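Spelled out from the first residue to the last, the chains are:
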There are 2 protein chains.
Amino acid sequence: MSQDGKEPLFNTMAVIGVGLIGGSLGMAAKRFNLAGRVVGYGRNRANLEEAVRLEAIDTIAESARECVIDADIIFVCTPVRTVAQSFREIAADLKEDAIVTDVGSTKRTIVEQAAEILPDGVHFIGGHPMAGTEKSGVTFAFPELFRKATYVLTPQENTNLLALSKLSSFVDGIGACCEVMDPLAHDKSVAAISHLPHIIASSLLEVAQQSDRDTGKSFRLAAGSFKDLTRIADSPPEIWRDICLTNADLICEEIDELSQWLEQFKSALVVPDEQELMKLFEQGKHIRQTVYLRSKRA
Amino acid sequence: MSQDGKEPLFNTMAVIGVGLIGGSLGMAAKRFNLAGRVVGYGRNRANLEEAVRLEAIDTIAESARECVIDADIIFVCTPVRTVAQSFREIAADLKEDAIVTDVGSTKRTIVEQAAEILPDGVHFIGGHPMAGTEKSGVTFAFPELFRKATYVLTPQENTNLLALSKLSSFVDGIGACCEVMDPLAHDKSVAAISHLPHIIASSLLEVAQQSDRDTGKSFRLAAGSFKDLTRIADSPPEIWRDICLTNADLICEEIDELSQWLEQFKSALVVPDEQELMKLFEQGKHIRQTVYLRSKRA
């Protein structure tokens with residue numbers, strides 16, 4: 001029982017993969033009285049010891065199986081393309097009625113894998129906390145990481161509503177804003193607002209490098225806007241490769257869509273059509289102001 | 001004579017168009033003892049009175065002609081497509097050996113216009129201070145705006161070297177980093193690192209809006225990276241229309257270049273070719289780290 005006398009939401013919470021997200025989930029669960037005890041498992045022993053020292057987890061499990069055997073809720077926080085392997089490692093040892101969730105950046109593949117691999121009698125609900133920093137690793141974990149962040153849950157038609165309600169309470173409890181979406185809508189959204197921007201940032205850097213080779217000075221002329229636009233290219237390449245590979249079809253659609261808009265700008269420039277160019281810039285500004293006024297109201 | 005007993009670099013400085021840039025140049029000139037007196041001219045009387053109140057200029061001129069008649073250095077700070085008109089208004093009244101410069105975001109057109117319009121006996125050198133904020137207007141001007149900013153000068157083969165040296169001293173004096181470039185190299189550089197990013201930001205907002213219409217929630221999932229990437233779309237559309245129209249040919253080349261990189265990502269996703277995708281993200285990260293390590297050393 002916690003200091004304020006209330007029972008925690010879950011008795012035992014398991015975290016498979018204790019990095020920035022997994023570690024922060026453990027810290028938040030303890031801080032906000034959402035789990036009585038947090039057990040962690042991962043491949044790197046030194047990292048797990050660091051997680052205990054930072055109070056991200058209470059106990060180190062010697063295996064994925066040992067980690068989940070008493071757990072009421074299991075957060076699989078391994079990279080998006082190793083989630084299926086984690087499911088296989090824990091499937092046989094999950095408690096009846098345990099809730100299993102993940103934190104992967106794409107959801108269609110993982111939801112399908114869960115349906116295939118996890119046993120009946122446990123409740124899987126895909127999750128995606130839209131939080132993070134350019135830093136990775138438990139060293140950078142902190143319990144407030146999810147405050148005001150959007151946290152998507154992707155239940156399906158057959159999802160147990162009590163399990164969904166408990167997981168939503170957890171999400172609320174760590175200070176995040178829960179959004180329920182179907183996996184396809186989620187993946188389509190992140191293709192446009194997250195994955196495409198990463199591809200743009202890398203592509204723009206290539207264009208700028210060629211320009212710098214031609215002029216000798218392009219990068220010296222780069223101001224804050226260029227720095228802002230390309231910041232996300234600092235993220236770990238292997239993570240973005242894997243995320244993009246699990247959402248390739250939808251990302252390709254968004255690339256085509258972007259190319260069409262770029263062509264519209266080009267047409268307006270070639271004619272030149274002043275009114276059309278003005279309209280294009282005005283629309284961009286209008287959309288942005290609508291979005292960020294909306295989020296201020298929220 | 002200034003308080004520290006040294007003569008200012010120029011006796012009289014004229015500013016045609018007293019907005020964020022023109023006003024900040026006036027403030028900086030006075031702060032750093034670069035001009036004995038700053039005369040300002042613009043179309044909006046109330047704005048000029050505000051400029052006097054903020055000590056961006058000392059005196060309001062009643063016309064462009066009156067503004068430049070005693071000036072040793074003239075900063076034409078009107079929008080890029082009205083610079084030629086400003087040149088016409090001042091051409092007949094410039095002092096022999098006066099230095100004329102501008103602050104336009106593109107340089108090829110303005111340098112040509114100056115050669116056509118300005119009389120022999122005055123020294124024109126194109127300029128582009130790479131400083132600014134999303135805010136415009138003299139209200140937001142401040143003398144430190146140019147500190148550590150790149151300030152491009154585009155002299156030509158026949159430029160008087162004494163005039164170039166004096167203008168460089170002014171640029172150094174306001175705390176900026178002077179880069180001498182030819183107008184074409186400048187325009188090519190900014191096409192890649194400034195104009196293309198603006199077009200990208202507007203295009204990405206259109207793509208995201210369509211996605212939001214399809215899924216109902218895309219914008220709610222947008223995180224800091226999307227906000228950073230699209231910030232520049234908040235800039236005034238008419239300014240960006242005009243800048244882009246004076247650099248259309250080079251911007252179209254950069255759009256084509258970008259499209260080719262986007263197609264490379266798409267190909268890697270369609271195959272899918274994991275190694276190629278990894279290589280693309282690694283290259284982007286490598287370029288960015290090289291650029292921003294370099295700028296830290298500078």
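Keep in mind the model is a prediction, meaning the values are calculated, not measured. (Residues numbered from 1 in each chain as written. Chains lettered and ligands numbered in written order. Predicted model: local features only at pLDDT ≥ 70, side-chain atom pairs only at ≥ 80, totals over all residues.)

J.: In this structure, what is going on with the overall build of chain A? I would like to understand it.
T.: On a plain count of helices and strands, chain A comes out with 11 helices and 8 strands. Here chain A holds 298 residues, and the buried ones make up 54% of them. Within chain A, counting contacts between residues at least 6 apart in sequence, those at least 24 apart form 75% of the total. (Helix = DSSP H or I, 4+ residues; strand = E, 2+ residues; numbered from the N terminus. Buried ≥ 20, exposed ≤ 12 C-beta atoms within 10 Å, placed from the backbone. Contact = placed C-beta atoms within 7 Å.)

J.: Can you walk me through the relation of the copies chain B and chain A in this structure?
T.: There are two copies of the chain, and a rotation about an axis plus a shift along that axis relates them. Relative to chain A, chain B is turned by 180° and slid 0.0 Å along the rotation axis, the superposed coordinates differing by an RMSD of 0.0 Å. Those values place the two copies in the arrangement expected of a two-fold rotation axis. Measuring from the rotation axis to each C-alpha of chain B, the shortest distance belongs to B:Leu229, at 2.2 Å. (Least-squares fit on C-alpha atoms with pLDDT ≥ 70 in both.)

J.: Got a minute to help me understand the interface of chain B and chain A in this structure?
T.: Facing the 78 residues of chain B at the interface are 78 residues of chain A. Those elements giving two or more residues to the side of chain B that touches chain A turn out to be strand E7 (150–154), helix H7 (183–215), helix H8 (224–230), helix H9 (237–245), helix H10 (248–270) and helix H11 (274–297) of chain B. Ranked by residues supplied to the side of chain B that touches chain A, first place goes to H7(B) with 24 residues. Tallied by class, the residues present in the side of chain B that touches chain A amount to 45 nonpolar, 15 polar and 18 charged. (Nonpolar A, V, L, I, M, F, W, Y, C, P; charged D, E, K, R; others polar.)

J.: Is there a simple way to explain the domain arrangement of chain A in this structure?
T.: Residues and elements named next belong to chain A. You can read the domains of chain A as domain 1 (10–181) and domain 2 (186–297). The distance between the C-alpha centroids of domain 1 and domain 2 comes to 32 Å. Facing 14 residues of domain 1, the contacting portion of domain 2 comprises 11 residues. Of all the secondary structure elements, the ones that give two or more residues to the side of domain 1 that touches domain 2 are helix H5 (108–117) and strand E7 (150–154). (Domains from an automatic or database assignment.)

J.: Would you take a moment to explain the packing of helix H10 (residues 248–270) of chain A against H10(B) for this structure?
T.: Between two packed helices, both the angle of their axes relative to each other and the distance between the axes serve to describe the pair. For the pair H10(A) and H10(B), interaxial distance at closest approach is 10 Å and the crossing angle is 165°. Relative to H10(B), the element H10(A) lies roughly antiparallel. For the pair H10(A) and H10(B), the sense of crossing is left-handed. Touching A:Ala248, A:Ile251, A:Cys252, A:Ile255, A:Leu258, A:Ser259, A:Leu262, A:Phe265, A:Lys266, A:Leu269 and A:Val270 of H10(A) are B:Ala248, B:Ile251, B:Cys252, B:Ile255, B:Leu258, B:Ser259, B:Leu262, B:Phe265, B:Lys266, B:Leu269 and B:Val270, all from H10(B). Tallied by class, residues from the contact of H10(A) with H10(B) come to 18 nonpolar, 2 polar and 2 charged. (Axes fitted to C-alpha atoms, helices over the stretch in contact; angles between N-to-C directions. Parallel < 35°, antiparallel > 145°, perpendicular 65-115°, else oblique. Left-handed = near helix turned anticlockwise from the far one by under 90°.)

J.: Whenever I open this one, the confidence of the model for chain A confuses me. Can you help?
T.: Residues shown with low pLDDT carry predicted positions that ought not to be read at fine detail. Mean pLDDT over chain A stands at 94; residues scoring 70 or higher make up 96%. The ipTM, which scores confidence in the relative placement of chains, is 0.90 for this predicted complex, and the corresponding pTM is 0.90. (pLDDT = per-residue confidence, 0-100.)

J.: Quick question: what am I supposed to make of helix H1 (residues 20–31) of chain A here?
T.: Given 3.6 residues per helical turn, the α-helix brings residues three or four places apart onto the same face. All names here are of chain A. Helix length check: H1, at 12 residues, gives a terminal C-alpha distance of 16 Å against a target of 16 Å (1.5 Å per residue), a fit within 8%. Extensive coverage of H1 is indicated by the burial of 11 of its 12 residues. Regarding H1, the residues found buried are Leu20, Ile21, Gly22, Gly23, Ser24, Leu25, Gly26, Met27, Ala28, Ala29 and Lys30. Here the buried face of H1 lies against strand E1 (10–16), strand E2 (35–41), helix H2 (45–53), strand E4 (73–76) and strand E6 (123–129). (Expected span 1.5 Å × (residues − 1).)

J.: I would appreciate a short explanation of unusual backbone geometry in the present structure.
T.: Leaving glycine aside, a negative phi is the common case for residues, and trans is the common case for peptide bonds. Along the chain, A:Val271 connects to A:Pro272 via a cis peptide bond; the corresponding omega equals -15°. Note on placement: A:Pro272 falls in the loop between H10 and helix H11 (274–297). Although it is not a glycine, B:Lys148 adopts a positive phi angle of roughly 65°. Structurally, the position occupied by B:Lys148 is in the loop between strand E6 (123–129) and E7. A count of 10 C-beta atoms within 10 Å places B:Lys148 in the exposed class.

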